Amino acid sequence: MNEDQLDHLHTNASSNQSGSNDFVKKLFQMLQQDNYKNIVRWTKNGDSFVVIDTNEFTKDILPRHFKHSNFASFVRQLNKYDFHKVKISNDAKKSYEYGDDAWEFKHPEFRINDRNALDNIKRKGPNPKKPPSSADSSVGGANPELVTNYKILSDNFEYLKKENSRINQEINILKSKNKSIVDNLVVVKSLNERYYNSITILLNTLRQGGMKLPHLDFPNPNEDMIKQPIQQSQPVEVHPPTSQPTREHKRQYSSNFTPIITQSPQIPPPSTSQPVPQPSGTTPIPANQSSANPTFATGTPNSNDQSPLESPRNSVHDLTANGSVLSTNIPNPKFHVLLVEDDNVCIQLCRKFLVKYGCQVTVVTDGLNAISTVENHKYDLVLMDIVMPNLDGATATSVIRSFDTKTPIIAMTGNIEENDLVTYLQNGMSDILAKPFTKDDLYSILSKHLLGNEPVNAVGINNEFLGEDQVLKKQRLE
Amino acid sequence: MPDKKQQLQESGLVEWPVFSELIAMDEDEEGFSKSLFKTFVDQVLETFDEIDENLEEKNLDKLSGLGHYLKGSAAALGLNKISSQCERIQNYGHKNNFDNFELNNEDIVIDSDDYWVELIKDALKHARSGFDSSRKALNDYFDDDL
């Protein structure tokens, strides 16, 4: 074993022959040289040596003779050969000629000019007598206050380390609990909806059979949890006559615009007082407009010339030209988009845009519904609002990502600060659509994520967004 | 009709690019834009009431949420005079005086809940007046009572 190896392995007892003491020989050699005497030297009596300037010693001499610059490991090695730090009492310190910072080490067989005695210095066996005392002897006599401080610090450090790992464990537990709670909520919610629907059917059957029913406290599970006037888009719309029509309903029925009713064959017309039971309570309404052909390619370009609308219309036209490519590459030409949004105005507007682009649209109004809906149906794309009742869009997305990693989920948000965006991407969002958005903005996102695998279509748009895509990918990596 | 368009445009109450995109939708479905604004008007009236209630209770978090909610719809319709005030409500509700608004009332301790309630009241006042004038202009445009 050569010296280099020995030095590098000096802390590893098993790699060392116990008889070999090259370290001691090197130390002796070093001390025999006179030119280090301001840094390290034999003491006057010649029965110990002292490191006077630990900084210089660590910087210059250790690398030269021991090929490292770690004073602590030098001291450790001395300890292994049973050298001891000479303790200088506080009183003696005042008259100690080598200064406050000096470290004096001693071994009974280590004496000036006595090379033969070196052979008697043996490396201590691998009996770790007293690790604490070795710490003591390395720093022991230096300064009791320092030692105490060091101990306190190292205790604190150990404590913090334990705390940290404990907290991490707890976070993981909480995470998994949270996930299972959300999952359970989804299950309970869909169960609840099924009960509600069954009871509705039961009630209607009874009523049709001429039964007179008492007034029941029978809230719609979908409406009960949400206060805001967004229930028009909830999958379950039918109220049994026993429940009071809500304000939203009155408004919906009185308004000229009744999107759900016109778009969903499942919903009875408002004039009919006889409700139709809805067994498909958890099935959201496909708001597919009959007027628009439900393919992306045939979104009808119209002849109006207003400039803000110019570009999307052209894009649609491009797609129309390449329609055949579209239909061959995509087995089902209908793009089915799930819109998760709690704001009624935004729902109507966004749905309108989507339908105009030939997408079939399903609307749900909170994160929980979004999860259960994506679980049960396959969508080509999900547009996800962030701030919503029941469960926010970011959390919903991270839950969805636990079982569906492919469906593009686009965050629609007014918060476009960088931190928020990074968070959204970390939650598994595929992209971000800043609110409020125009038809063009929406089109860009759609074409990027729905037609992105088709370079033939809307080439300009894909190229235009390549840069942004890369930026987003980069952010995700960070 | 062109006159009405011009009149509304000159009122500066709506972002014209957004609005013209909305009314272009009427080509597919007559009355679409009007119904959208009708929905919005109902939503605003309801939300204003809710804001009033929560001001009573000094429920700042809820107020911030309501501000955010209305901000989104107003912005989607290009009603920026309203959405900017809603943004103020949203931020004040989070105790963030993002526009360094100075409240001229020395009786109120800065940063107290009352302070933020007062700021929100100011924003709500402006939101209301923005809404009233926008509604009037839109009524004129649609020749209807929204």
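Residues numbered from 1 in each chain as written. Chains lettered and ligands numbered in written order. Predicted model: local features only at pLDDT ≥ 70, side-chain atom pairs only at ≥ 80, totals over all residues. Heavy atoms only, no water.

Peer 1: I'd love a proper account of the overall build of chain A, names of residues and values included.
Peer 2: Looking only at helices and strands, chain A features 18 helices and nine strands. By residue count, 46% of the 478 residues in chain A fall in the buried class. Restricting to contacts in chain A with at least 6 residues of sequence separation, those with at least 24 account for 65%. A total accessible area of about 24700 Å² is found for chain A, and carbon and sulfur atoms account for 53% of it. (Helix = DSSP H or I, 4+ residues; strand = E, 2+ residues; numbered from the N terminus. Buried < 20%, exposed > 50% of the residue type's maximum accessible area, 1.4 Å probe, protein only. Contact = heavy atoms within 4.5 Å. Areas by Shrake-Rupley, 256 points an atom, 1.4 Å probe, with all protein chains shown as cover.)

Peer 1: Before we move on, can you summarise unusual backbone geometry with the specific residues and values?
Peer 2: In terms of backbone geometry, most residues other than glycine have negative phi values and most peptide bonds are trans. All names here are of chain A. The residue after Lys435, namely Pro436, is reached through a cis peptide bond having omega -10°. Take Pro436: it is sitting in the loop between β9 (431-434) and α17 (439-450). Unlike most non-glycine residues, Asp82 shows phi in positive territory, near 70°. Among the structural elements, Asp82 can be located in the loop between α4 (71-80) and β3 (84-85). Even without a glycine there, the phi angle at Asn390 is positive, about 70°. Among the secondary structure elements, Asn390 is positioned in the loop between β7 (381-385) and α15 (393-400). The partly exposed category is assigned to Asn390, whose relative accessible area is 34%.

Peer 1: Pulling in residues and values, what's your account of the nonpolar core?
Peer 2: Grouped together as the largest cluster of nonpolar side chains are 71 residues, with contacts concentrated most on Leu354(A), Leu383(A), Leu442(A), Phe19(B), Phe37(B) and Leu79(B). With sequence-adjacent residues up to four places away left out, Leu79(B) is seen in contact with Leu13(B), Val14(B), Phe37(B), Phe40(B), Ala74(B), Ser134(B) and Leu138(B). Grouped together as the second largest cluster of nonpolar side chains are 27 residues, Phe23(A), Leu31(A), Tyr81(A) and Phe105(A) included. (Core = buried A, V, L, I, M, F, W, Y, C linked by side-chain atoms within 4.5 Å.)

Peer 1: An account of the side chain of Arg401(A) is requested, with residue identities and associated values reported.
Peer 2: Residue and element names in this part refer to chain A. Position of Arg401 among the secondary structure elements: in the loop between α15 and β8 (409-413). Of note is the side chain of Arg401, whose polar atom sits 2.9 Å from the backbone oxygen of Thr407. Setting aside its immediate chain neighbours within four residues, Arg401 contacts Lys406, Thr407, Pro408, Ile409, Asn427, Gly428 and Ser430. (Polar contact = N/O pair within 3.5 Å; in protein donor to acceptor, adjacent residues only side chain to side chain.)

Peer 1: I'd like to hear about helix α3 (residues 54-66) of chain A, residue by residue, with values.
Peer 2: Residues and elements named next belong to chain A. Here α3 is 13 residues long, yet its end C-alpha atoms lie only 15 Å apart, well below the 18 Å a rise of 1.5 Å per residue gives. The largest bend in α3 is about 35°, located at Asp60, with the proline Pro63 one to four residues further on. Taken together, the buried positions of α3 are Thr54, Phe57, Thr58, Ile61, Leu62, His65 and Phe66. Two or three places before Asn55, at the start of α3, stands the capping residue Asp53, its side-chain oxygen 3.0 Å from that residue's backbone nitrogen. Looking one or two residues past α3, Lys67 carries a phi angle of roughly 60°, positive in sign. (Expected span 1.5 Å × (residues − 1). Bend = angle between axes of the 7 residues up to and from the residue.)

Peer 1: Outline the sheet that holds strand β1 (residues 40-42) of chain A, supporting the account with residue identities and numerical values.
Peer 2: Residue and element names in this part refer to chain A. Read across the open sheet, the four strands follow the order β1-β2-β4-β3; overall the sheet is antiparallel. Each edge of the open sheet carries a strand with a single partner, namely β1 and β3. Judged from the three bridges that link them, β1 and strand β2 (residues 48-51) form a sheet pairing that is antiparallel. Bridging from a neighbouring strand, Val40 pairs with Val51 of β2. (Pairing = 2+ DSSP bridges.)

Peer 1: Lay out the side chain of Glu50(B) with the relevant residues and their values.
Peer 2: Residue and element names in this part refer to chain B. Along the chain, the position of Glu50 falls in helix α3 (residues 32-56). Glu50 gets classed as buried once you look at its relative accessible area, which sits at 18%. Setting aside chain neighbours within four positions, we find Glu50 in contact with Lys62 and Leu66.

Peer 1: Can you break down the pairing of β9(A) residue by residue, with the values?
Peer 2: All names here are of chain A. The pairing of β8 with β9 spans four bridges and is parallel. Bridge pairing in β9 places Met412 opposite Leu433. Taken together, β8, helix α16 (residues 418-426) and β9 constitute a β-α-β crossover, and its handedness is right-handed. (Right-handed = clockwise from strand over helix to strand, strands pointing away.)

Peer 1: Account for the confidence of the model for chain B, with residues named and values stated.
Peer 2: Caution applies to low-pLDDT regions: their predicted coordinates should not be interpreted in detail. All names here are of chain B. Taken over all residues, the pLDDT of chain B has a mean of 92, while the share at 70 or more is 99%. Within chain B, the lowest mean pLDDT, 85, falls on helix α1 (residues 2-11), and the highest, 95, falls on α3. Confidence estimates for the predicted assembly give a pTM of 0.50 and an ipTM of 0.92. (pLDDT = per-residue confidence, 0-100.)

Peer 1: Break down the pattern of salt bridges for me, citing the residues and quoting the values.
Peer 2: Two side chains carrying opposite charge are able to pair once their charged atoms lie near each other. What the rule picks out here adds up to 25 salt bridges over all chains. Residues Glu170(A) and Arg166(A) are paired through a salt bridge, measuring 2.9 Å at the closest nitrogen-oxygen approach. Here Glu170(A) and its partner Arg166(A) are both found in helix α7 (residues 144-208), four residues apart, which amounts to about one turn of the helix. Between Lys95(B) and Asp113(B) there is a salt bridge, with its nearest N and O atoms 3.3 Å apart. Here Lys95(B) is found in the loop between α5 (80-93) and α6 (113-142), whereas its partner Asp113(B) is found in helix α6, with 18 residues between them in sequence. Overlapping salt bridges bring together Arg88(B), Asp99(B), Asp122(B) and Lys125(B) as one network. (Salt bridge = Lys/Arg side-chain N within 4 Å of Asp/Glu carboxyl O.)

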